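Chain by chain, the residues run as shown.
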Amino acid sequence: MLDIIALSLTAILVQNVVLVQFLGICPFIGVSKKTDTALGMGMAVTFVMTIAAMMTYLCQKLILEPLEIEYMQTVAFILIIAALVQFVEMFLQKIIPALYSSLGIYLPLITTNCAVLGIALVNVRSQYSMIESVINGFATGIGFLLAIVIFAGVRERLEFSDIPKPLRGFPIALISASLLALAFLGFQGMKIGG
């Protein structure tokens, strides 16, 4: 149980996928202007990461390894992720059309979000069990959600701040993201687990 908690806290804080590993920056910057949109994107990415972690584990253990075609891992994992994103896209379009339209082009870009593929590959490289893979996928998604929602909150506050003209918009967003990343790097010194 302690290992599961350590794995989760490591994925959320110590090895945050966006702010420490710098994966998934495109949606992090692109969808973080409003907190509600960032929350929707974070939940969509968390769902896709969790299910992708399970499906890629099964693909690895039941297809790629028995057939000795591990070299097809990246292609197989991208196909699995693309199918999951297509499912999420159809679900949101049908059930929550406002969120679907506000996410715009960034929703299908989850397919090419290197964070989703990266975690699937990390799970295989780390030789996690299926439960560990799913927990790592979910916790990494929560870390992405946490990072994008905090950053969206910062960006919303920046809209009402007196910022020098050359720094307005994208430059101040990058500066803010770097300061947030520095804050998360402070978790690197934490000793989690045994």
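Every residue gets a number counted from 1 within its own chain, in the order that chain's sequence is written. Only residues with pLDDT of 70 or above have their local features reported here, since the model is predicted, and side-chain atom pairs are shown and tallied only from 80 upward, although totals for entire chains, interfaces and linings are computed over all residues. The basis for every side-chain value is the complete set of non-hydrogen atoms in the structure, without hydrogens or water.

Caption draft 1: Structural view of the overall build of the chain. Looking only at helices and strands, one finds eight helices and zero strands in the chain. A run of DSSP states H or I qualifies as a helix once it reaches four residues; a run of E qualifies as a strand once it reaches two. Both are numbered from the N-terminal end. For the chain, the succession of helices and strands along the chain, N to C, is α-α-α-α-α-α-α-α. In terms of overall dimensions, the chain has a C-alpha envelope of 60 × 45 × 30 Å along the principal axes. Put simply, of all contacts in the chain between residues at least 6 apart along the chain, 76% involve residues at least 24 apart. Where accessible areas are quoted, they stem from the Shrake-Rupley method and a 1.4 Å probe; at the residue level, only the protein chains shown are allowed to cover. Put simply, the chain shows about 10300 Å² of open surface, and 69% of that area lies on carbon and sulfur atoms. Between the centroid of the 10 positive side chains of the chain and the centroid of its 10 negative side chains there is a distance of 12 Å. Should any heavy atoms of two residues lie within 4.5 Å, those residues are considered in contact. Residues scored as positive are Lys and Arg, those scored as negative are Asp and Glu, and His as well as the terminal groups of each chain are ignored. All charge positions are set by atom: Lys at NZ, Arg at CZ, Asp at CG, Glu at CD.

Caption draft 2: Here's a closer look at the nonpolar core. Put simply, a nonpolar core is a bunch of buried Ala, Val, Leu, Ile, Met, Phe, Trp, Tyr and Cys residues held in one set by side-chain atoms that sit within 4.5 Å of each other. We call a residue buried when its accessible area falls under 20% of the maximum for its residue type, exposed when it is over 50%, and partly exposed in between, using a 1.4 Å probe and counting protein chains only. Among the nonpolar cores identified, the biggest contains 47 residues, and Leu19, Phe28, Met41, Val48 and Ile110 are the most heavily contacted of them. Going through the elements one at a time, helix H1 (2-14), helix H2 (25-30), helix H3 (35-64), helix H4 (73-95), helix H5 (97-103), helix H6 (114-125), helix H7 (130-158) and helix H8 (170-185) are the ones with two or more residues in this core. Tallying contributions element by element places H3 first for this core, with nine residues. Contacts of phenylalanine 28, omitting those with residues within four sequence positions, involve Val18, Leu19, Ala147, Ile148, Phe151 and Ala177.

Caption draft 3: Representation of the packing of H6 against H7 within the structure. Structural elements are reduced to axes, namely lines fitted to C-alpha atoms, with helices fitted over the stretch in contact, and the angle between N-to-C directions of any two is expressed from 0 to 180 degrees. One way to put it is that H6 packs onto H7 with a least axis distance of 10 Å and a crossing angle of 150°. With respect to each other, H6 and H7 are oriented roughly antiparallel. You can see that H6 and H7 cross each other, and the crossing is right-handed. Residues Ile119, Val122 and Asn123 of H6 form the contact with H7, whose participating residues are Ser133, Asn136, Gly137 and Thr140. All amino acids are sorted into three groups, where Ala, Val, Leu, Ile, Met, Phe, Trp, Tyr, Cys and Pro are nonpolar, Asp, Glu, Lys and Arg are charged, and the leftover types, Gly among them, are polar. Residue classes in the contact of H6 with H7 are distributed as two nonpolar, five polar and no charged. Working definition: roughly parallel below 35 degrees, roughly antiparallel above 145 degrees, roughly perpendicular at 65 to 115 degrees, and oblique for all remaining angles. For any pair of crossing helices, the crossing counts as left-handed if the nearer helix is rotated counterclockwise from the farther one by less than a right angle, and right-handed if it is rotated clockwise.

Caption draft 4: Geometry of the pattern of salt bridges. Salt bridges are identified by distance alone: a Lys or Arg side-chain nitrogen within 4 Å of an Asp or Glu carboxyl oxygen. In the structure shown here, the tally under the stated rule is one salt bridge. Among the ionic pairs, lysine 61 bridges to glutamate 65, the shortest N-O distance being 3.4 Å. For lysine 61, a relative accessible area of 36% translates into the label partly exposed. Exposure remark for glutamate 65: the relative accessible area of 30% places this residue in the partly exposed category.

Caption draft 5: A look at the environment of phenylalanine 144. Note that phenylalanine 144 resides in helix H7. Classification of phenylalanine 144 as buried rests on a relative accessible area of 0%. Setting aside its immediate chain neighbours within four residues, phenylalanine 144 contacts Asn16, Val17, Val18, Gly24, Pro27, Met41, Gly42, Val45 and Asn113.

Caption draft 6: Spotlight on unusual backbone geometry. Although it is not a glycine, phenylalanine 22 adopts a positive phi angle of roughly 60°. For phenylalanine 22, the location among the structural elements is in the loop between H1 and H2.

Caption draft 7: Representation of a nonpolar patch on the surface in the model. A cluster of nonpolar side chains, contributed by Phe47, Phe87, Met90, Phe91, Ile95 and Ile96, occupies part of the molecular surface with about 580 Å² of accessible area. Among the elements that make up the nonpolar patch, the one with the highest residue count is H4 (four residues). Considering the arrangement of structural elements, one finds phenylalanine 47 in helix H3. Residues forming no salt bridge and having over 30% relative accessible area are the ones grouped into patches, like charges within 9 Å of each other and nonpolar side chains (Val, Leu, Ile, Met, Phe, Trp, Tyr) within 5 Å.

Caption draft 8: Spatial organisation of the packing of aromatic side chains. Two aromatic rings from Phe, Tyr or Trp, using only the six-membered ring of Trp, form a pair when their centres are within 6.5 Å; if the ring planes differ by under 30 degrees the pair is stacked, by over 60 it is edge-to-face, and anything between is tilted. Under the defined criterion, the tally for this structure stands at three aromatic pairs. Ring plane angle 70° and centroid distance 5.5 Å describe the contact between phenylalanine 184 and phenylalanine 187, whose orientation is recorded as edge-to-face. On the basis of relative accessible area, phenylalanine 184 is assigned to the buried category, the value being 5%.

Caption draft 9: Quick peek at the packing of H1 against H7. Relative orientation of the contacting elements H1 and H7 amounts to 35°, with a least axis distance of 7 Å. For the pair H1 and H7, the sense of crossing is right-handed. Judged by residue contacts, Ile4, Leu7, Ser8, Ala11, Ile12 and Leu13 of H1 engage Glu132, Ile135, Asn136, Ala139, Thr140, Ile142, Gly143 and Leu146 from H7. Split by residue class, the contact of H1 with H7 holds nine nonpolar, four polar and one charged.

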